[in-house]
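# Coordinate analysis (summary)
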Amino acid sequence: MKKRLSRITDILARYPAGRGNLIPILQDIQGEFGYLSEETVEELERLMGISANEIYGVVTFYTQFRFRPPGRHRIQSCQGTACHVRGGLQILKEFEKRLGITAGRTTADGKFDLERVACLGCCALAPVAAVDGEVHAAITAKKVSYILSQYGGEKGRKKK
Amino acid sequence: MTSLQQDFSKAQDRWRGLEDSKVPVFFVGAATCGRAAGAAEVLEHLRRRIKTKKLNIIVVEVGCLGPCSFEPLVIVHKPGAPRICYGNVGPEEVIRILENYVLGDDPCAEMALGKMTPGRLPGIRDFNEHPMMRRQVRNILRNCGLIDPENVYHYLAHDGYRGFLRALEIGPDKTLEQVRASGLRGRGGAGFPTWRKWQTCRTIPSETKYLICNADEGDPGAFMNRSLIEGDPHSVLEGMLIAAFTLGASEGYIYCRAEYPLALHRLEVAIGQMRKLGLLGKNIHGSGFSFELTVKKGAGAFVCGEETALIASIEGRRGMPQPRPPFPAVSGLLGKPTVIQNVETLGNLPLILRNGAEWFTQYGSKTSKGTKTFALAGKIKRTGLIEVPLGITLRDIVYDIGGGIVGDKALKAVQTGGPSGGCIPAEKIDLAVDYESLTKAGSIMGSGGMIVLDEDNCMVDIARYFLSFTQEESCGKCAPCRVGTRAMLSILERITAGEGEMADLDKLEKIARTVKDGSLCGLGQTAPNPVLTTLRYFRKEYEEHIKKGQCSAFVCSRMISYHIDQKRCSGCGACARVCPVNAISGEKKKPHVINQNVCIQCGVCLSTCPDIYAAVYRRSGELTKYEKRRKKKEKTD
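All of these numbers come straight from a predicted model, not from anything done at the bench.

### A word on the overall build of chain A
- In terms of helices and strands, chain A carries seven helices and four strands.
- For the C-alpha atoms alone, the extent of chain A along its principal axes is close to 50 × 30 × 25 Å.
- For chain A, with 160 residues in total, the buried portion stands at 39%.
- Residue pairs in contact within chain A that sit at least 24 positions apart in sequence constitute 59% of those at least 6 positions apart.

Here's what the structure looks like:
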């Protein structure tokens, strides 16, 4: 496997020099490694000539960037308006209950990430949630455990 | 231009080949929403059956036709018969259509939504006669759900890029004149006349000018742009060519949100095809006009839908807005004149150029010309993406197209414009949907999200919901927005928790006005709209929350208590077993009780209580509500 630094320089080589492409570069790095780290920021500071302060400023502004390793499966529970009026919050709570974590966290076994997202754009089929980008429509609280089981999750993890 | 002529004839041949195909064709709606409804499985089953039976059948993946509540949608072409559109087609149904209709002669009329092409088929009406379609005028969405969005020849066969060629022919001045005469206004929200933006940009002398397509559809509850890009990406890209040519812009960006992976993919595919056809690059088809196009993926920030914040984001900075003026049309991306247009605005341009401004103005009202797409969702029977002439009434949309409220409950309000918009109450149902009327009612047109709310939705909760969204998305640059949205949210949280005071209402209104007047950008200036409209039309609900501790929609959980009807309860113990905090107690086969001091109002007991008893009920203030109906008498033996 290639060293991480050379993987980063490979990504940088895809873009013309200059700070304009900082966001796509960060997106690519996160796509490659799954998350961003302090080392990445330091390396970018050196390679791109942008201060670490500024990079942190950008990274913390956008919700997409993360500094923790992601879980194997990414659950996005939609909290858009249509989902909200059709009980989207109950679905999120059900995910939280079944997984034993709050939104924004990863399960202890590293299997699932749970996120609340503003809108997945499938409002006509609300409430929805996406697992690894695949959207599940018209979810009910009962369907949550079925969805999790499809990804090998939640075996008797019900709380007493 | 000869090369494109060849492509046109090639496209005609290919499309006609499909249209008059001697072998059956299945068009499967496989946009994100279709896939969510199960289109991927349908495709898999269909393809497998075709393979195992060694059938000669073509399968084409198309975008979304619009009536999402009928998804997955499948259109079937059988040689010699009119094309039929089927709704709610699962894996079993698609095989049934294949066996019974395509291989047999039963057109499965019970599943058919309608005929797409003329011809006689007993028991199946025209698709355009379907109640969801009858009132619609599909101009912008003309190709969505009918063509393969990844096949540029399908687009060309439907007069694709002829609008752009027309613009090249008449030149930028006359193109601008056409857009002016059409009365087209920005479809992103504010409704600014498109031609005026262009004219400002054109008067600024600069060698470099930019055009940006805003596809950062951040409004929760809206999916018009996603559907258009997924279903017909070239119509948006052709619009970009027309705009760039008129402006003299040499570089373009499409800023699309990362939550739309399929739309991003479709854009990349389409841009590659444009390049192959010579529609991008230097000196496009010998016109002297050069244009390059880049897709930028958003990184998740609602405020980036605001023009100056979007520009900051493309420049690689925090997406924070700048004071205007200078407007982007004067000094935008990298300090150069920049025009930013919404996806749908651009999607209108090819039609205006091809058919002329006069054609465009036949649709719409006096000040709002043309058609507009809306994402119809919420408590409505027929949800989906619709396109209607501006000026149509809300009633027509909700009851005619949408088929009314789910479960025939009472309509309470229609929310338009997302977090920047407002709630229009049921008594204003005859309001015309145009820019001016919606603004007068305290809402905005917005980009086209339309959420229908019924009696089970609490308006205070809706206001709280939107404020929690805008408060979180406020970039923090200016104090009125940063502090004001937080202050409003905390008041709304107090009220929905049953801790509000009457003085809160005046305070709320005062802060809302300050935020509206004092904020730097559109996000802050419009964030109070959900609060102001609900206060204006639903003040009684606020007062009920405060004075009686009552949420009549039974939404605000802190104002609801759960109880067990002692006459109905059989003591089966099902609720006690699932209660997460052990608040329910009682002897076996004797009525149980809920300890109100322990209960956390999670509602599990209510959903668990067997229908034959339906003993759990809720109270809020003076109201009592039994959700379930007993299915049988309570005596079981």
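There is more to say, and it comes next.
### Re the overall build of chain B
- When helices and strands are tallied, chain B shows 23 helices and 19 strands.
- Whereas a compact globule of 637 residues would reach a radius of gyration of roughly 26 Å, chain B reaches 27 Å, a difference of no more than 12%.
- Principal-axis analysis of the C-alpha atoms places the extent of chain B at approximately 85 × 65 × 40 Å.
- Relative to its 637 residues, chain B shows a buried fraction of 55%.
- Here the analysis covers contacts within chain B between residues at least 6 apart in sequence; of these, 70% occur between residues at least 24 apart.

### Brief notes about the pairing of strand β8 (residues 292-297) of chain B
- Inspection of the sheet shows strand β7 (residues 251-256) of chain B paired to β8(B) by six bridges, in the parallel sense. Bridging across to β8(B), B:Tyr253 finds its partner in B:Thr294.

### Here's the deal with the sheet that holds strand β1 (residues 73-78) of chain A
Residues and elements named next belong to chain A.
- Pairing is mixed in the open sheet, where four strands are placed in the order β2-β1-β3-β4. Each of the sheet's edge strands pairs with one partner strand only, and the pair in question is β2 (112-117) and β4 (134-136). On average, each strand axis in the sheet is inclined to that of its neighbour by 25°, with strand direction left out of account.
- Here β1 pairs with strand β3 (residues 129-131) via three bridges, running antiparallel. Along β3, the bridge assignment pairs Ile75 with Val131.

### Focus on the pairing of strand β9 (residues 338-342) of chain B
Residues and elements named next belong to chain B.
- Extensive coverage of β9 is indicated by the burial of five of its five residues.
- In β9, alternate side chains face the same way, and those of Thr338, Ile340 and Asn342 on one face and Val339 and Gln341 on the other are all buried.
- Alignment of strand β6 (residues 210-215) against β9, held across five bridges, turns out to be parallel. Bridge pairing in β9 places Leu211 opposite Val339.

### Here we look at the domain arrangement of chain A
- Split into domains, chain A comes out as domain 1 (4-61) and domain 2 (73-150).
- Once you take the C-alpha centre of each, domain 1 of chain A and domain 2 of chain A turn out to be 30 Å apart.

### Looking at the sheet that holds β6(B)
Residue and element names in this part refer to chain B.
- What the four strands build is an open sheet, ordered β8-β7-β6-β9; its pairing is parallel. Each edge of the sheet is formed by a strand with only one pairing partner; in this case those strands are β8 and β9. Strand after strand, the sheet turns through a mean of 20° between neighbouring axes, direction not considered.

### Observations regarding the packing of helix α9 (residues 233-247) of chain B against helix α10 (residues 261-276) of chain B
Residues and elements named next belong to chain B.
- Remark: α9 packs on α10, axes separated minimally by 10 Å, with the N-to-C direction vectors making an angle of 60°. Regarding the angle of α9 to α10, the classification is oblique. When the axes of α9 and α10 are compared, the crossing they make is right-handed. Residues Pro233, His234 and Leu237 of α9 form the contact with α10, whose own contacting residues are Arg266, Leu267, Ala270, Ile271 and Met274.
- A per-class count over the contact of α9 with α10 returns six nonpolar, one polar and one charged.

Cut-offs used in this document
- Residues numbered from 1 in each chain as written.
- Chains lettered and ligands numbered in written order.
- Predicted model: local features only at pLDDT ≥ 70, side-chain atom pairs only at ≥ 80, totals over all residues.
- Helix = DSSP H or I, 4+ residues; strand = E, 2+ residues; numbered from the N terminus.
- Buried ≥ 20, exposed ≤ 12 C-beta atoms within 10 Å, placed from the backbone.
- Contact = placed C-beta atoms within 7 Å.
- Rg over C-alpha atoms; globule rule 2.2 N^0.38 Å.
- Pairing = 2+ DSSP bridges.
- Axes fitted to C-alpha atoms, helices over the stretch in contact; angles between N-to-C directions.
- Domains from an automatic or database assignment.
- Parallel < 35°, antiparallel > 145°, perpendicular 65-115°, else oblique.
- Left-handed = near helix turned anticlockwise from the far one by under 90°.
- Nonpolar A, V, L, I, M, F, W, Y, C, P; charged D, E, K, R; others polar.

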